[in-house]
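# Architecture and fold: a report
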Amino acid sequence: MQNLLFGTIQYENLIAMAKKPDRASRKRLLEELTEIFIITAHNLTEHQRYSLGEILYFLAVDLCVAEKRELAEHLAATNHAPHFLVNSLARESIEVATPLLKYSPVLSEKDLIHIALTKEQEHLTAIAARNDLSQELIGIILSRGNDEAVTRLKYNQSVKNIDWYRSIRHKLQSKSA
């Protein structure tokens, strides 16, 4: 078999890890494939990204919260992460979802609105920290958010620069006071 290299990672090692059923080998395989994905995603076709995303999703199912959080942190930093994987992790516990809700460019407006309407207050607070909030999302945070979410919104510098925000600033001040 040809000895293919992905950076410093050998193809044969990936195959060997995939054949081992133990949790440690699966976790190591996920780490290696995530590294490959992050390094090469911009050169992959949409189909290749999706396929690799399916493998990552399958491997991530059995991870503990801290391991899923680590995966989420890696995926939050790329524009090329598979949407279904990012969206799935963003709907998990806040420990997993936070980096994606705050930073992932892959989450769409529709995804964020659905999460803001259906998930817990901690998810709203994380969304309130994003740099690209729409008027609709800000409205949801104002209407559904607790004091912490509204305060986070109040101190979000990207929101303060929106003209219509100035007209509702009094709502923020009265709700977080």
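Higher on the page you've got the structure.
Residues numbered from 1 in each chain as written. Predicted model: local features only at pLDDT ≥ 70, side-chain atom pairs only at ≥ 80, totals over all residues. Heavy atoms only, no water.

## As for the nonpolar core
Test applied: Joining through side-chain atoms within 4.5 Å is the link that ties buried Ala, Val, Leu, Ile, Met, Phe, Trp, Tyr and Cys residues into a set, and such a set is a nonpolar core. To sort residues, take the accessible area from a 1.4 Å probe on protein chains only and compare it with the maximum for the residue type: under 20% means buried, over 50% means exposed, and anything in between is partly exposed. Residue contacts are defined here by distance: any two heavy atoms, one from each residue, within 4.5 Å place the two residues in contact.
In this structure, Leu-75, Leu-100, Leu-101 and Ile-127 are the most contacted members of the largest nonpolar core, which totals 47 residues. Excluding residues that lie within four positions of it along the chain, Leu-101 makes contacts with Ala-90, Ile-94, Leu-107, Leu-112, Ile-115, His-123, Ala-126, Ile-127 and Arg-130.

## Points about the packing of helix 5 (residues 83-90) against helix 6 (residues 94-103)
Convention followed: Whenever a helix is involved, its axis is fitted only over the stretch in contact; in every case the axis is a line through C-alpha atoms, and angles between N-to-C directions fall within 0 to 180 degrees. Helix and strand definitions follow DSSP, with helices as H or I runs of at least four residues and strands as E runs of at least two, each counted in order from the N terminus. Note that the term roughly parallel is reserved for angles under 35 degrees, roughly antiparallel for angles over 145, roughly perpendicular for angles of 65 to 115, and oblique for everything else. Polar here means any residue other than Ala, Val, Leu, Ile, Met, Phe, Trp, Tyr, Cys and Pro, which are nonpolar, and Asp, Glu, Lys and Arg, which are charged; Gly is therefore polar.
Helix 6 packs onto helix 5 with a crossing angle of 125° between their chain directions and a minimal axis gap of 7 Å. Considering the angle they form, helix 5 stands oblique to helix 6. Contact residues: Val-86, Leu-89 and Ala-90 in helix 5; Val-96, Ala-97, Leu-100 and Leu-101 in helix 6. Among the residues forming the contact of helix 5 with helix 6, the class breakdown is seven nonpolar, no polar and no charged.

## Considering a negative patch on the surface
Cut-off, in case you're wondering: To count toward a patch, a residue needs a relative accessible area above 30% and no salt bridge. Like charges then connect within 9 Å, nonpolar side chains (Val, Leu, Ile, Met, Phe, Trp, Tyr) within 5 Å. Here, Shrake-Rupley sampling with a 1.4 Å probe gives the accessible areas, and only protein chains in the shown set may cover a residue. By convention in these notes, a salt bridge is any Lys or Arg side-chain nitrogen within 4 Å of a carboxyl oxygen on Asp or Glu. We score Asp and Glu as negative and Lys and Arg as positive, and we do not count His or the chain ends. Working definition for charges: the position is that of NZ of Lys, CZ of Arg, CG of Asp or CD of Glu.
A contiguous patch of negative charge on the surface is contributed by Glu-95, Glu-120, Glu-122 and Glu-148. On the secondary structure map, Glu-120 appears in the loop between helix 7 (109-118) and helix 8 (121-127).

## Some thoughts on the side chain of Ser-25
By secondary structure assignment, the location of Ser-25 is in helix 2 (residues 23-40). Classification of Ser-25 by relative accessible area gives buried; the value is 9%. Apart from residues no more than four positions distant in its own chain, Ser-25 is found in contact with Met-17 and Lys-20.

## What about the side chain of Lys-119?
Inspection of the secondary structure puts Lys-119 in the loop between helix 7 and helix 8. For the buried Lys-119, no salt bridge exists, and the shortest N-O distance to an oppositely charged side chain is 4.2 Å, to Glu-120. Excluding its chain neighbours within four sequence positions, the residues that come into contact with Lys-119 are Arg-91, Glu-92 and Arg-144.

## Considerations on the packing of helix 2 against helix 3 (residues 46-60)
Quick note on the threshold: Crossing chirality is assigned from the near helix's rotation relative to the far helix, an anticlockwise turn below a right angle marking it left-handed and a clockwise turn marking it right-handed.
Packing of helix 2 against helix 3 brings their axes to within 10 Å, and their N-to-C directions diverge by 155°. It follows from the interaxial angle that helix 2 and helix 3 lie roughly antiparallel. Helix 2 and helix 3 meet at a crossing whose hand is left-handed. Along the contact surface, helix 2 presents Arg-26, Leu-29, Leu-30, Leu-33, Thr-34 and Phe-37, while helix 3 presents Arg-49, Leu-52, Ile-55, Leu-56, Leu-59 and Ala-60. Residue composition of the contact of helix 2 with helix 3, grouped by class: nine nonpolar, one polar and two charged.

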